[in-house]
Amino acid sequence: MQRKGGRRRDTEGQEAEAVEQVLDELYATPPSAFVSRREERAAAARTAGRKEDARRVHAARRPTLAAWAANLLTRSQPEETRRFLELGQALREAHRTLDAAGLKELSAQRRRIVSALSRQAAQLAGEAGQRLSPAAQREVESTLRAVLADPEAADRWAEGRLEVSLTPPSAFPSGTAPAEPAPRPRPKSRGTTAGTRAKDELAERRRTRQAELERAEQEAERAARHLRDARAEQADAQESLRRSDDELGRVREAVATAEERLRAAHEELDRAERARREAEERGRTAADALAGAERDARASARRVNRLTGRGR
C-alpha cells in the first residue's frame with residue numbers, strides 16, 4: 001500500500017510540474033495567441049482527466065502587451081534578470097541611508113539602466129513579431145522601476161507571469177530622501193562638545209552613504225556592461241543563425257538537384273537496359289534468320305548442282 005501511495009504522490013508531483021510548465025509556456029506566448037493556446041491546453045488537461053489543472057490553466061489571464069514584453073525580458077535574459085534583481089536590492093538598501101544629493105545621483109543611474117532594459121524588451125518583442133508602442137514601452141519602464149523599488153514586485157516579475165504592468169511606489173522614484181528629524185537642543189555648557197560630536201557623526205554618515213553610492217554605481221555599471229555584452233552575443237547568435245539558414249538552404253537545393261539528376265540517370269539507365277534487351281532479341285532473331293537462310297542457300301545450291309550435272 002505504501003508503494004502505491006508513493007507512486008500516487010510522484011504522479012501528483014509530475015502533474016503539478018506539468019501544469020506549471022504549461023503556465024510558463026502560456027505567459028511566453030504572444031498575447032494575440034494566448035487565448036487559443038490556453039483553451040487548447042485546458043482542453044487537453046480535461047481530456048486527460050486532470051480537472052484541477054484544467055481549471056488553473058483556464059483561469060490564466062491574458063497579459064497585456066507590455067506585461068508580456070516584461071515577462072519575455074526575464075525569460076530571455078536570466079542572467080541579466082538576476083543582476084537586475086540584485087541591483088534593486090542594493091538600491092533599496094542605499095535608499096534607506098543616502099541623503100538627497102546621493103539619491104539624485106542614484107536616480108540618474110537607475111533611469112539609465114531602466115531605459116536600456118526597456119529598449120531591450122522592445123527589441124525582443126519586435127523579434128517575436130510584436131511591436132511595442134511608445135505607451136507600451138513606458139509601461140515596461142514602469143514595471144522595471146517597480147521591480148527596483150518593491151521586493152514584492154521583484155518577486156512577481158522574476159516569476160515571469162505578469163498579467164498587467166506594475167506601478168512603482170511614489171516614494172522611491174522621486175529621488176528625494178525623507179527629512180531627518182531636527183536635532184534635540186543640548187545644554188549650552190556642552191555646546192562645543194556636542195557640536196563636534198554631531199559633525200563627526202554627520203561626516204561618518206556621509207562617508208558611509210558615499211561608499212554605498214559608489215557600490216550602487218559600480219553595480220549599475222556592471223549591469224549595463226553585461227547588458228551590452230548580452231546584446232552583442234545575441235546579435236552574433238542571430239547572424240550565425242542567419243548564415244546557418246542560408247547554408248542549409250544551399251545544401252537542400254544541392255541535394256534536391258542531385259536527387260533529380262539521380263532520378264534522371266536511373267530513368268536513362270532503365271531506357272538503355274530496355275534498348276539493350278531489345279537489341280539482343282533482334283540479334284537472336286537475325287541470327288536465326290541468317291542460319292535459316294544459309295541452310296536454304298546450301299540446299300538450293302545442291303539442287304542446282306544436281307540439275308546441271310555438276311554433282312556427277
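Right, let's walk through the structure included here. Nothing here was measured: the structure is a model prediction, and the numbers come from that model.

1. Side note on the pattern of salt bridges
Here the structure, examined in full by the defined rule, presents 19 salt bridges. The closest approach of N and O atoms between Glu25 and Arg37, which form a salt bridge, is 3.1 Å. Taken together, the residues Glu25 in helix H1 (residues 2–27) and Arg37 in helix H2 (residues 31–47) connect sequence positions twelve residues apart. Judged by its relative accessible area of 27%, Glu25 falls in the partly exposed class. Judged by relative accessible area, Arg37 falls into the partly exposed class, the value being 27%. For Arg263, the salt bridge is made with Glu260, and the minimal N-O distance between the two is 2.3 Å. Highlighted residues: Arg263 and Glu260, both in helix H9 (residues 191–308), separated by three residues, approximately one helical turn. Exposure remark for Arg263: the relative accessible area of 38% places this residue in the partly exposed category.

2. As for a positive patch on the surface
Side chains of Arg295, Arg298, Arg302, Arg303 and Arg306 sit close together on the surface and give a patch of like positive charge. When you line up the elements, Arg303 lands in helix H9.

3. Notes on the packing of helix H5 (residues 78–95) against helix H7 (residues 134–149)
The geometry of H5 relative to H7 is characterised by a closest axis approach of 7 Å and an angle of 60° between their N-to-C directions. It follows that H5 is oblique to H7 by the angle criterion. In contact with Phe84, Leu85, Leu87, Gly88, Leu91 and Arg92 of H5, H7 contributes Leu144, Val147, Leu148 and Ala149. Along the lines of polarity and charge, the residues of the contact of H5 with H7 split into eight nonpolar, one polar and one charged.

Thresholds, definitions, all that
- Residues numbered from 1 in each chain as written.
- Predicted model: local features only at pLDDT ≥ 70, side-chain atom pairs only at ≥ 80, totals over all residues.
- Heavy atoms only, no water.
- Salt bridge = Lys/Arg side-chain N within 4 Å of Asp/Glu carboxyl O.
- Helix = DSSP H or I, 4+ residues; strand = E, 2+ residues; numbered from the N terminus.
- Buried < 20%, exposed > 50% of the residue type's maximum accessible area, 1.4 Å probe, protein only.
- Patch = residues over 30% accessible without salt bridge, like charges linked within 9 Å, V, L, I, M, F, W, Y side chains within 5 Å.
- Areas by Shrake-Rupley, 256 points an atom, 1.4 Å probe, with all protein chains shown as cover.
- Lys, Arg positive; Asp, Glu negative; His and termini not counted.
- Charge placed at Lys NZ, Arg CZ, Asp CG, Glu CD.
- Axes fitted to C-alpha atoms, helices over the stretch in contact; angles between N-to-C directions.
- Parallel < 35°, antiparallel > 145°, perpendicular 65-115°, else oblique.
- Contact = heavy atoms within 4.5 Å.
- Nonpolar A, V, L, I, M, F, W, Y, C, P; charged D, E, K, R; others polar.

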